[in-house]
Amino acid sequence: MKGSVDKVTKDLGEVALVEASMKEKPWDTQAMVEFLHFRAQEVIDLKNNVSDRWVSFMREKTINTKKTEEINQKAKEAEELSKKLTATMKAFVAEVLVEFRAKKA
């Protein structure tokens, strides 16, 4: 879970690079930059949700407030959410970042 959050955080750094590149174009790219931010925000929101769940999961696991079955269920949920985050980021890269990287002046 934390590994997925860390990787997505690192990969989202490319959004700033693409945005800077878009702003250097000789034509108006404001709408494209806004679209990039909108789609990136979807990934960021999911990443924050996964991160919050990870913190909650680790806290509950550490202070031992839940039964083993409950912790195992939360671990399964966390794994599924982590997979969703990874899939969402892959889709974002394929559908948005790759497309914007390909734009030439």
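Our structure's up above, just so we're on the same page.
Everything quoted here is computed from the prediction, not taken from an experiment. (Residues numbered from 1 in each chain as written. Predicted model: local features only at pLDDT ≥ 70, side-chain atom pairs only at ≥ 80, totals over all residues. Heavy atoms only, no water.)

Turning our attention to the side chain of T29. Mapped onto the fold, T29 is located in the loop between α1 (2-23) and α2 (30-63). Excluding residues that lie within four positions of it along the chain, T29 makes contacts with M22 and K23. (Helix = DSSP H or I, 4+ residues; strand = E, 2+ residues; numbered from the N terminus. Contact = heavy atoms within 4.5 Å.)

So, on to the nonpolar core. Within the largest apolar cluster, 19 residues are counted, with the highest numbers of intra-cluster contacts made by L12, V15, L36 and F92. Broken down by element, this core gets its largest block of residues, 7 residues, from helix α3 (residues 68-101). Once residues within four sequence positions are removed from consideration, F92 is found in contact with L12, V15, L36, R39, A40, V43 and L97. (Core = buried A, V, L, I, M, F, W, Y, C linked by side-chain atoms within 4.5 Å. Buried < 20%, exposed > 50% of the residue type's maximum accessible area, 1.4 Å probe, protein only.)

Turning to the pattern of salt bridges, a few remarks are in order. Where charged atoms from two side chains of opposite charge approach closely, those side chains can pair. Summed over the entire model, instances satisfying the criterion amount to 5 salt bridges. With its nearest N and O atoms 2.9 Å apart, the salt bridge here joins E95 to R39. You can see E95 sitting in helix α3 and its partner R39 sitting in helix α2, a full 56 residues away along the chain. Among the ionic pairs, K83 bridges to E79, the shortest N-O distance being 3.5 Å. Taken together, the residues K83 and E79, both in helix α3 and 4 residues apart, mark about one turn of the helix. Counted as one network, the salt bridges with shared partners bring together R39, E42 and E95. (Salt bridge = Lys/Arg side-chain N within 4 Å of Asp/Glu carboxyl O.)

Below, the discussion takes up the environment of V96. Relative to the helices and strands, V96 resides in helix α3. For V96, a relative accessible area of 1% gives the class buried. Once the C-alpha coordinates of V96 and V15 are considered, the two residues, 81 residues apart in sequence, prove to be 9.7 Å apart. Apart from the residues lying within four places of it in its own chain, the contact partners of V96 are F35, L36, R39 and A91.

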